[in-house]
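# Understanding the architecture of this molecule
So you can see what is in the structure, the chains are spelled out below.
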Amino acid sequence: MSFGLLHGEQYWGFFDVLHVHSLELASWDTIQAVLDRCDSEHKGVVVTVHDVAPMFETKGDGYQRKLAGICERGTPMATLTQGAADRLSSLLDSGASPVVTPHG
């Protein structure tokens, strides 16, 4: 489900934890609105960063700004490899320390 669809959804009783797989193709305002609602409805959130560089939003720094915003919110972040975790930590320069969760 995209951030846009979730943002427009009235009923959120069908999940307890939002597991985000991509921050691309959604505006930061919509992402923040969804995360704010997750906070207010006591829904957990975890972001799995599958790609340390954007696949679709390749112009500008929007993708990196979204990742930085996730870190600033204190949202738990996971990656698939230690290399990706190290790269994210250096990219974000926020002291973020993503958890490595191999997906074999």
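Residues numbered from 1 in each chain as written. Predicted model: local features only at pLDDT ≥ 70, side-chain atom pairs only at ≥ 80, totals over all residues. Heavy atoms only, no water.

## Notes on the overall build of the protein
Assigned secondary structure in the protein consists of four helices and four strands. Order of helices (α) and strands (β) in the protein, N terminus to C terminus: α-β-α-β-α-β-α-β. Relative to a compact globule of 104 residues, whose C-alpha radius of gyration would be 13 Å, the protein shows 14 Å and is just as compact. Dimensions of the protein, computed from the C-alpha atoms along their principal axes, are close to 40 × 30 × 25 Å. Across the protein, contacts joining residues at least 24 apart in sequence account for 60% of those joining residues at least 6 apart. Carbon and sulfur atoms make up 53% of the accessible area of the protein, which totals about 6,200 Å². Here the protein contributes 7 positively and 13 negatively charged side chains, and the mean placements of these two sets differ by 4 Å. (Helix = DSSP H or I, 4+ residues; strand = E, 2+ residues; numbered from the N terminus. Rg over C-alpha atoms; globule rule 2.2 N^0.38 Å. Contact = heavy atoms within 4.5 Å. Areas by Shrake-Rupley, 256 points an atom, 1.4 Å probe, with all protein chains shown as cover. Lys, Arg positive; Asp, Glu negative; His and termini not counted. Charge placed at Lys NZ, Arg CZ, Asp CG, Glu CD.)

## Remarks on a nonpolar patch on the surface
Taken together, the side chains of Met1, Leu5, Tyr11 and Phe14 define a hydrophobic patch exposed on the protein surface, amounting to about 520 Å² of accessible area. Structurally, the position occupied by Phe14 is in the loop between α1 (3-8) and β1 (17-20). Given a relative accessible area of 47%, Phe14 falls into the partly exposed group. (Patch = residues over 30% accessible without salt bridge, like charges linked within 9 Å, V, L, I, M, F, W, Y side chains within 5 Å. Salt bridge = Lys/Arg side-chain N within 4 Å of Asp/Glu carboxyl O. Buried < 20%, exposed > 50% of the residue type's maximum accessible area, 1.4 Å probe, protein only.)

## Topic: the sheet that holds strand β2 (residues 44-49)
What the four strands build is an open sheet, ordered β1-β2-β3-β4; its pairing is parallel. On the outer flanks of this sheet lie β1 and β4 (99-100), each paired with one strand and no other. Bridge count for β2 against strand β3 (residues 77-79) is three bridges, and the pairing is parallel. Each bridged residue has a counterpart across the sheet, and for Val49 the counterpart in β3 is Thr79. (Pairing = 2+ DSSP bridges.)

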